[in-house]
Amino acid sequence: MLLRHLKIIFVALTFFLSGSCRSSPALDDSDFSVILADAYIQLHLDYYFVSNGDSHRIGSYDAGGVCVQSLDSSSVILTVNHFCNGQDSAEVHDLMSRGLIWREGIAKSLSGQSSNVMKVIASSPENDLCLVQIKEFDCSPVQGIQDISVAHLFDPIINIGAPLAIFNAEPRSLLFRQVGTWSGYCNDTCNMPDTLMKPENFIAHSIPTSLGQSGSPIFMGRNLFSIQVANISSIDNFGIGACPIMISNFLDINGIDIQILE
């Protein structure tokens with residue numbers, strides 16, 4: 001028991017000393033439980049091709065998301081545009097309009113909720129942001145978006161996500177917590193994966209990232225700081241995320257008001 005207590009103290013001291021001179025709010029176990037259980041949402045899309053009355057799955061895509069609004073009969077989840085619309089080329093749209101391709105989505109929370117009624121209600125390709133409405137689904141929205149003007153380079157950040165879509169709900173929970181630091185603002189050297197994405201709208205970080213983590217929330221203290229967008233595979237621990245200012249603006253334009261907090 002003493003060894004366990006010493007280990008907890010050591011981890012807490014390591015986290016504290018890794019921050020900047022500014023005091024960053026520490027996350028205790030209760031904070032993590034709220035973030036994990038109420039904010040993170042696992043998203044999945046299947047694409048089907050319909051031919052001669054039969055349907056055949058032609059693709060499957062996964063992403064994370066974060067709850068930003070919960071109403072009486074539905075919730076709104078923030079995720080990445082390349083999950084919502086990235087596979088929908090002009091050809092795919094044409095086939096969908098003719099009923100030859102259709103897609104089916106499912107959303108799951110760590111608490112075990114699930115819904116297959118998922119609708120894209122807004123998107124911003126230049127910021128790689130998307131809002132998905134999920135019917136008959138309840139979650140607790142994040143309470144604040146980080147004020148980046150008071151953040152410092154190398155401040156600690158935390159990602160809650162599912163690399164390679166490795167996820168499972170309670171009671172046999174499976175989800176990952178990755179830690180890193182804010183590395184600054186992106187520029188042309190970030191090598192954005194889509195020409196529609198403007199580098200100045202994104203931040204860089206040192207959280208380990210892989211496929212399946214796109215859309216998953218990144219927190220600074222208790223506030224939403226970013227969502228995971230991409231990585232540079234040739235560089236270890238080089239992640240790209242949406243800028244908190246762009247997230248706040250996107251939500252505001254779509255009628256979702258979340259405070260900007262220090």
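Everything below is about the structure printed above this text.
Because the structure is predicted, anything quoted here is derived from the model rather than measured. (Residues numbered from 1 in each chain as written. Predicted model: local features only at pLDDT ≥ 70, side-chain atom pairs only at ≥ 80, totals over all residues. Heavy atoms only, no water.)

Structural notes on the pattern of salt bridges
Inference 1: Applying the stated criterion across every chain yields a total of one salt bridge.
Inference 2: Where Arg57 meets Asp46, a salt bridge forms, and the shortest distance between an N and an O atom there is 3.6 Å. Taken together, the residues Arg57 in strand β2 (residues 54-70) and Asp46 in strand β1 (residues 40-51) connect sequence positions eleven residues apart. (Salt bridge = Lys/Arg side-chain N within 4 Å of Asp/Glu carboxyl O. Helix = DSSP H or I, 4+ residues; strand = E, 2+ residues; numbered from the N terminus.)

Quick look at the side chain of Asn201
Inference 1: Tracing the backbone through its elements, the reader meets Asn201 in the loop between β10 (176-185) and β11 (202-205).
Inference 2: Among the residues examined, Asn201 registers a relative accessible area of 7% and is labelled buried.
Inference 3: Only 3.5 Å separates the side chain of Asn201 from the backbone oxygen of Glu126, close enough to count as a polar contact.
Inference 4: One polar contact links Asn201 to Asn127, side chain to side chain, over a distance of 2.8 Å.
Inference 5: Apart from residues lying up to four places away in sequence, Asn201 is in contact with Glu126, Asn127, Ala242, Cys243 and Met246. (Buried < 20%, exposed > 50% of the residue type's maximum accessible area, 1.4 Å probe, protein only. Polar contact = N/O pair within 3.5 Å; in protein donor to acceptor, adjacent residues only side chain to side chain. Contact = heavy atoms within 4.5 Å.)

A closer look at the nonpolar core
Inference 1: Val68, Leu78, Leu131 and Leu251 are the most contacted members of the largest nonpolar core, which totals 54 residues.
Inference 2: The residues contacting Val68, other than those within four sequence positions of it, are Val76, Ile77, Leu78, Leu131, Pro141, Val142, Leu251, Ile256 and Ile258.
Inference 3: Formed by ten residues, the second largest nonpolar core is a distinct cluster that contains Ile148, Trp182, Met220 and Phe225. (Core = buried A, V, L, I, M, F, W, Y, C linked by side-chain atoms within 4.5 Å.)

Details of the state of the cysteines
Inference 1: Counted by the stated rule, this structure contains three disulfides.
Inference 2: Residue Cys67 pairs covalently with Cys139 via a disulfide, S to S 2.1 Å. An S-S torsion of about 75 degrees defines the bridge between Cys67 and Cys139 as right-handed. One end of the pair, Cys67, is in strand β2; the other, Cys139, is in the loop between β7 (129-135) and β8 (144-146), and 72 residues separate them in sequence.
Inference 3: Residue class for Cys67 comes out buried when judged on its relative accessible area of 0%.
Inference 4: Paired by a disulfide, Cys186 and Cys190 hold their sulfur atoms 2.3 Å apart. (Disulfide = S-S within 2.5 Å.)

All we've got here are geometric facts, nothing functional implied.
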